[in-house]
Structures are given as structure tokens and as C-alpha cells.
Amino acid sequence: MSNTHREAGTCYIKVDGVQLEVVGNMEVPLNTSVKEDILSTQGLVGYKETKRAPYVKLDAVFTKDFPFRSLEENDNMTITAEFAGGQAYVLSRAWLHGENNISGSEGTVSLEFHGRDGGFY
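Note that the coordinates shown come from a computational prediction; the quantities given were computed from them, not determined experimentally.

**Quick look at the pattern of salt bridges**
1) Next: Taken as a whole and assessed by the stated rule, the structure comprises three salt bridges.
2) Next: For glutamate 27, the salt bridge is made with lysine 57, and the minimal N-O distance between the two is 3.8 Å. Placement of the pair is glutamate 27 in strand 3 (residues 22-27) and lysine 57 in strand 6 (residues 55-61), with a sequence separation of 30 residues.
3) Next: Relative accessible area serves as the criterion here: at 32%, lysine 57 is assigned to the partly exposed category.

Encoded structure:
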């Protein structure tokens, strides 16, 4: 008997309750801080730790009714990213981050959201 189950595959994303059509990859941070080595001439001394911004990155289909105006104007969104294995990452008090572009040849839009709070639930 096998203990295997689905860990990857179709992912879902909702922005303020509106489901977007995800294509390709969806990315969220696994850790909330980054540890970097501190080196001296004698070798490793220790590490420094810096915080990471909570985020969700994805590519979505640019459908006829794509809510780009509300995504652009809203700075208090809730983003729910549900992965194929059942884990869900929730980003709250979120906004659309950086430059977001539409690929005409692929019919997709790359989106990156940052927020005040984020984590797996």
C-alpha cells in the first residue's frame, strides 16, 4: 500500500473573494526571515537575520473580465493562495507590488502582491 498523495499540480488563488485563473507557477515565502553568514578573516563568526516581506507571486490568465482596476486601486486586499497539497497561504492588508505586465502573446499577466501579514493556515 502506498502512502503517496498529490503534493503538486493545480493551485487556486482568490483576491478579495474573486478567483483568478492561475497558469504556471505560484510562489509564496516559506520563511519569514533570512539568515546570512557573517565572515571574518578567521572564518564564520555567526549570522545576521533580516525580515522578509510577505508576498504572493503568480501568473494569471488575462480574461475579458480581469479585475485589473480594482487590483490596481485596492491597498487592503486579502489574497488566499491554495496549493495542490491542501496548504493555504493567506496574505492580508495586501496591495499590488511593483510593475505588473501583460504578455499579449501568452494572454497572461504576472502579478506580485505584498502585504502587512502573511502565513500558512
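**Quick word on a nonpolar patch on the surface**
1) Next: Nonpolar side chains collect at one region of the surface, where Phe62, Phe68 and Ile102 lie side by side and expose about 260 Å² of accessible area between them.
2) Next: Its location among the elements puts isoleucine 102 in strand 9 (residues 102-103).

**Things to note about the layout of surface pockets**
1) Next: The computed volume of the largest pocket comes to approximately 190 Å³.
2) Next: Contributing to the lining of the largest pocket are Phe62, Phe66, Phe68, Arg69, Leu71, Glu72, Leu96, Gly98, Asn100, Ile102, Val109 and Leu111.
3) Next: Breaking the lining of the largest pocket down by element, the ones donating at least two residues are helix 1 (68-73) and strand 10 (108-120).
4) Next: In terms of residue count, helix 1 provides more of the lining of the largest pocket than any other element does, four residues in total.
5) Next: Each residue belonging to the lining of the largest pocket can be placed in one class, and the counts come to eight nonpolar, two polar and two charged.

**Some thoughts on the packing of aromatic side chains**
Think of a pair of aromatic rings as described by two things: how far the centres are apart, and how the planes are tilted against each other in angle.
1) Next: If you walk through the whole model with that rule in mind, you get four aromatic pairs.
2) Next: Look at phenylalanine 83 and phenylalanine 120: their rings are 6.5 Å apart centre to centre, the planes differ by 40°, and that puts the pair in the tilted class. A residue pair is termed long-range when its members are at least 10 positions apart, and phenylalanine 83 in the loop between strand 7 (77-82) and strand 8 (88-96) and phenylalanine 120 in strand 10 qualify at 37 residues.

**A short note on the side chain of threonine 108**
1) Next: Looking at the element boundaries, threonine 108 is found in strand 10.
2) Next: Threonine 108 sits in the buried class, given a relative accessible area of 15%.
3) Next: Those residues within four positions of threonine 108 in sequence are excluded, and the remaining contacts are Val23, Ala60, Val61, Phe62, Asn101, Ile102 and Ser103.

Procedures and definitions
- The numbering scheme is per chain: residues are counted from 1 as the chain's sequence reads.
- Two thresholds apply to this predicted model, a pLDDT of at least 70 for residue-level local features and 80 or more for giving and counting side-chain atom pairs, whereas whole-chain, interface and lining totals are computed over all residues.
- Think of the side-chain values as coming from all heavy atoms in the structure, minus any hydrogens and water.
- Within this document, salt bridges are pairs made up of a side-chain nitrogen of Lys or Arg and a carboxyl oxygen of Asp or Glu, the two lying within 4 Å of each other.
- Counting from the N terminus, the helices are the DSSP runs of H or I reaching at least four residues and the strands are the DSSP runs of E reaching at least two.
- Relative accessibility under 20% of the residue-type maximum defines a buried residue, over 50% an exposed one, and the middle range a partly exposed one, all with a 1.4 Å probe and only protein chains included.
- Two distance rules govern patches: like charges are joined within 9 Å, and nonpolar side chains (Val, Leu, Ile, Met, Phe, Trp, Tyr) within 5 Å, applied only to residues with over 30% relative accessible area and no salt bridge.
- For the area figures, the Shrake-Rupley method with a 1.4 Å probe applies, and any residue is considered shielded solely by the protein chains shown.
- Cavities and pockets were defined on a 1 Å grid built from protein atoms only: a cavity is a group of points that admits a 1.4 Å probe but offers it no way out, a pocket is an open group of points flanked by protein on both sides within 12 Å along at least five of seven lines, and a lining residue is one with an atom within 4 Å of any such point.
- Grid points are joined across faces, edges and corners, and a volume is the space filled by probe spheres set on the points.
- Residues are grouped as follows: Ala, Val, Leu, Ile, Met, Phe, Trp, Tyr, Cys and Pro are nonpolar; Asp, Glu, Lys and Arg are charged; all remaining types, including Gly, are polar.
- Working definition: a ring pair exists when centres of Phe, Tyr or Trp rings (six-membered ring for Trp) sit within 6.5 Å. Plane angles under 30 degrees give stacked, over 60 give edge-to-face, the rest tilted.
- Any two residues whose heavy atoms approach within 4.5 Å are treated as being in contact.

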